[in-house]
Amino acid sequence: MQTITGTDISFAAELLRKGELVAIPTETVYGLAANALNTEAVLKIYETKGRPLFNPLIVHVHDVKQFEKYAKEIPELVYKLAEKFSPGPLTFVLRKKDIVPDIVTGGGETVALRVPGHPLTLGLLKQLEFPLAAPSANPFGYISPVNAWHVKEQLDGKIPYILDGGNCMVGVESTVIAVHGNEIELLRVGGVSIEDLYLVAADADIHRAGDTTIKSPGQLKSHYAPKTTLYHGEMKNLMLRFRELKKAVLSFDQKYPGDHIVAEEVLSANGDLKEAARNLFTAMRKLDESGADVILAEKFPDHGLGVAINDRLERASA
């Protein structure tokens, strides 16, 4: 199979109607999309990624009004949050309707829904008669792609088309939440921070998910990982621990002195967490290709998008 890259949403729509896979751009990362209502098409996502069948997928729609087609008993707080963050990097886990195949939800009773904030993909969704199931467009467990070239590197010859929407503006996956009345359960930290949620829902009870049930994408302990072993923590301690090894270093806003450093990536010289998030996965790829024995990643500030960056690095080091 030849993989073509382009910007033709009509061609992408034609392929998706035929049950084929198409890589699509979003504001977070590139997704590997299929007709969410076509079981055979969704199965191709799992096969192409090598993704466990119990791991649910996010379903993408072009408007919040479409949530009612695929979910039931939608709390009012969902609409309040969606008014602010949709389209955008916020995913809602809701009780699913029977129209959503079990393969999309990992056999669970809930479905993850979001409106992606990318004009090309929104235009594609408006042309389609069905929603799109779309996890990140990469082999399962590896670093997520934030441009069309990353997708091409990993899935060339496995999918027919990559819809090229340029570089992703957020660079980490969406935040995933489940809403129960006035309670917001945080299932995955991502492009919308906890502080952002409080700005809209100041009186809500917001807390991290407490059980091990996989209700949404991004909850597996080991995920987003490079091939080179990655360690995450205080950089001075990591430098001392691995002083004799060839090291690739991932840091927030400064370089670190040390011996045997073969590659370094500073995510934001200005100390901007949004810029750091945008650069995270590209930097991890570069370091993974540096020939280092280990990748050392420092712990980022634990607020705003720093929470999401630390989460990705913890999973990459698991």
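Computed from a predicted model, the values in this text were never measured in an experiment.

*Asks:* What am I meant to see in the overall build of the chain here?
*Replies:* For the chain, the count of helices and strands is 10 helices and 16 strands. For 318 residues, the compact-globule estimate of 2.2 N^0.38 gives 20 Å, and the C-alpha radius of gyration of the chain, at 19 Å, lies within 12% of that figure. A burial count over the chain gives 58% of its 318 residues as buried. Restricting to contacts in the chain with at least 6 residues of sequence separation, those with at least 24 account for 67%. In the form shown here, the chain has an accessible surface area of approximately 13300 Å², with 49% of it arising from carbon and sulfur atoms. Placing the 35 positive and 41 negative side-chain charges of the chain at their respective mean positions leaves the two points 2 Å apart.

*Asks:* How should I be thinking about the environment of Glu73 in this particular structure?
*Replies:* Relative to the assigned elements, Glu73 resides in the loop between strand 5 (71-72) and helix 4 (76-85). Spatially, the C-alpha atoms of Glu73 and Glu20 are 32 Å apart, while their sequence positions differ by 53 residues.

*Asks:* What am I meant to see in the packing of helix 1 (residues 9-17) against helix 5 (residues 119-127) here?
*Replies:* Each pair of packed helices can be described by the angle between their axes along with the distance between the axes. At a minimum axis distance of 9 Å, the contact between helix 1 and helix 5 shows a crossing angle of 50°. Relative to helix 5, the element helix 1 lies oblique. Crossing handedness for the pair helix 1 and helix 5: right-handed. Along the contact surface, helix 1 presents Ile9, Ser10, Ala12, Ala13, Leu16 and Arg17, while helix 5 presents Leu120, Gly123, Leu124 and Gln127. Looking at the contact of helix 1 with helix 5 residue by residue, the class counts come to six nonpolar, three polar and one charged.

*Asks:* Would you explain the packing of aromatic side chains in this entry?
*Replies:* The description of an aromatic ring pair uses the distance of the two centres, along with the angle that the planes make with each other. In total, this model carries four aromatic pairs according to the counting rule given. Both rings, one in Tyr231 and one in Phe242, keep their centres 4.4 Å apart while their planes meet at 40°; by these two values the pair is tilted. Of this pair, Tyr231 sits in strand 13 (residues 230-233) while Phe242 sits in the loop between helix 8 (235-241) and strand 14 (247-251), and the two are 11 residues apart along the sequence. For Tyr231, a relative accessible area of 24% corresponds to the partly exposed category. Lys227 extends its terminal NZ or CZ atom over the ring of Tyr142, reaching a point 4.1 Å from the ring centre.

*Asks:* Explain the nonpolar core to me, please; I cannot follow it from the model alone.
*Replies:* Proteins that are soluble and globular tend to have nonpolar side chains buried together. With 82 residues, the main nonpolar core has Phe67 and Leu81 as its most contacted residues. Ranked by residue count, the leading element in this core is helix 9 (residues 273-288), at eight residues. The residues contacting Phe67, other than those within four sequence positions of it, are Val61, Ile74, Val78, Phe92, Leu94, Leu113, Arg114 and Val115.

The rules behind each value
- Residues numbered from 1 in each chain as written.
- Predicted model: local features only at pLDDT ≥ 70, side-chain atom pairs only at ≥ 80, totals over all residues.
- Heavy atoms only, no water.
- Helix = DSSP H or I, 4+ residues; strand = E, 2+ residues; numbered from the N terminus.
- Rg over C-alpha atoms; globule rule 2.2 N^0.38 Å.
- Buried < 20%, exposed > 50% of the residue type's maximum accessible area, 1.4 Å probe, protein only.
- Contact = heavy atoms within 4.5 Å.
- Areas by Shrake-Rupley, 256 points an atom, 1.4 Å probe, with all protein chains shown as cover.
- Lys, Arg positive; Asp, Glu negative; His and termini not counted.
- Charge placed at Lys NZ, Arg CZ, Asp CG, Glu CD.
- Axes fitted to C-alpha atoms, helices over the stretch in contact; angles between N-to-C directions.
- Parallel < 35°, antiparallel > 145°, perpendicular 65-115°, else oblique.
- Left-handed = near helix turned anticlockwise from the far one by under 90°.
- Nonpolar A, V, L, I, M, F, W, Y, C, P; charged D, E, K, R; others polar.
- Phe/Tyr/Trp six-rings, centres within 6.5 Å; stacked < 30°, edge-to-face > 60°.
- Lys NZ or Arg CZ within 6 Å of the ring centre and 35° of its normal.
- Core = buried A, V, L, I, M, F, W, Y, C linked by side-chain atoms within 4.5 Å.

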